[in-house]
Amino acid sequence: MTGRDSADRPDLPADDPFREWDAAYVLGALGPSDRRRFEEHLAGCDACQDRVAELAGMPGILRALPPDQAAVLLSAEPSDVPEAEVVDLAAVAGRARATRRRRRLGTIAVAAAVALVAAVGGAWIARTVAPAPVTAQASHLALRPVGSVDVTANLTMQQKNWGTRLDWSCEYPAPPADYTLVYELVLVQADGTATVVATWSSHSGQARGLGASSSIPADDIARVEIRLQGAEDPLAAAMT
């Protein structure tokens, strides 16, 4: 390694035999054995660690320099090169530190901007696009006979953003052979308005897996009824 006067490196001890090795180490110019020796020294020398950290950005700067300037920087004897073309190692180190600081600050700024956009955008979407889901639990109703006909049903009613979902199964007397009965599920509101939301036919004494949807909110439904199609009187009913 080419020696320099100790005044050029006031940050390193004058008796440190590795005081000139930092740049060569960062640039990968040390041979395997010298590199090993310097890394062993580096582990216990705070001053050398600081210098290596300062020069850590130098390889990137060299890649950005024109070839002739990079060659000047790597010259073993800068004094042999015309003064106007000499690149000061200290200036390069300063540029490396400044570049590292800019990158760090830039990364922090980008991360903060992304977090802000995500927070504001997420809040805007929540307010304007996606309405809060209705999480009302399902109500279970047992429809029982109204009158002498033994018609029963078990029904689940659940409020949704768009209205009400209904699922049910029912049992009733089996119709005569080759005869079909058509039933209706009717929602009755508090003001007496009756709305047929489903019809189905039966050839036997039961029906399973029936389902329907209505725009009527669950809170507006006062009673659920099963009727024969076209009839006004219910066969079975339950209050909600």
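Just so you know, these numbers come straight off a predicted model, no measurement behind them. (Residues numbered from 1 in each chain as written. Predicted model: local features only at pLDDT ≥ 70, side-chain atom pairs only at ≥ 80, totals over all residues. Heavy atoms only, no water.)

Asks: Any details on the overall build of the protein? Residues and values, ideally.
Replies: Helices and strands together make up the secondary structure of the protein, namely 6 helices and 8 strands. Written out in order from the N terminus, the α and β elements of the protein read α-α-α-α-α-α-β-β-β-β-β-β-β-β. Put simply, the protein has 240 residues, and 31% of those count as buried. Here the protein has roughly 14,700 Å² of accessible surface; of this, 54% comes from carbon and sulfur atoms. (Helix = DSSP H or I, 4+ residues; strand = E, 2+ residues; numbered from the N terminus. Buried < 20%, exposed > 50% of the residue type's maximum accessible area, 1.4 Å probe, protein only. Areas by Shrake-Rupley, 256 points an atom, 1.4 Å probe, with all protein chains shown as cover.)

Asks: Account for the confidence of the model for the protein, with residues named and values stated.
Replies: In this model, the protein carries a mean pLDDT of 76, and residues with pLDDT of at least 70 account for 61%. Predicted confidence for residues 1-7 stays below pLDDT 50, and this span has 13 contacts to residues more than four positions away or in other chains. Low pLDDT (under 50) marks residues 76-87, which in the prediction has 12 contacts with non-local residues, meaning those over four places away or in another chain. (pLDDT = per-residue confidence, 0-100. Contact = heavy atoms within 4.5 Å.)

Asks: Tell me about the nonpolar core, and name the residues and values.
Replies: Across soluble globular proteins, you tend to see nonpolar side chains buried next to one another. By size, the foremost hydrophobic cluster in this structure holds 26 residues, and its most contacted members are Leu143, Leu155, Trp168, Cys170, Leu185, Trp200 and Ile226. Looking at this core, the elements with two or more residues in it are strand E1 (139-145), strand E2 (152-160), strand E3 (163-171), strand E4 (181-189), strand E5 (194-202), strand E6 (206-214), strand E7 (221-228) and strand E8 (236-239). The contacts of Ile226, once residues within four sequence positions are left out, are Leu143, Val151, Ala153, Cys170, Tyr183, Glu184, Leu185, Trp200, Pro234, Leu235 and Ala236. Listed in part, the 14 residues of the second largest apolar core include Ala24, Tyr25, Val26 and Phe38. (Core = buried A, V, L, I, M, F, W, Y, C linked by side-chain atoms within 4.5 Å.)

Asks: Residues and numbers for the packing of aromatic side chains, please.
Replies: Summed over all chains, the structure comprises 7 aromatic pairs. Taken together, a centroid distance of 5.9 Å and an interplanar angle of 25° make the contact between Tyr183 and Trp200 stacked. One end of the pair, Tyr183, is in strand E4; the other, Trp200, is in strand E5, with 17 residues separating them in the sequence. A residue is classified by how much of its surface remains accessible, and Tyr183, at 2% relative accessible area, is buried. When its relative accessible area of 9% is taken as the criterion, Trp200 is described as buried. Put simply, the rings of Phe18, Trp21, Tyr25 and Phe38 touch in pairs and so form one group of aromatic residues. (Phe/Tyr/Trp six-rings, centres within 6.5 Å; stacked < 30°, edge-to-face > 60°.)

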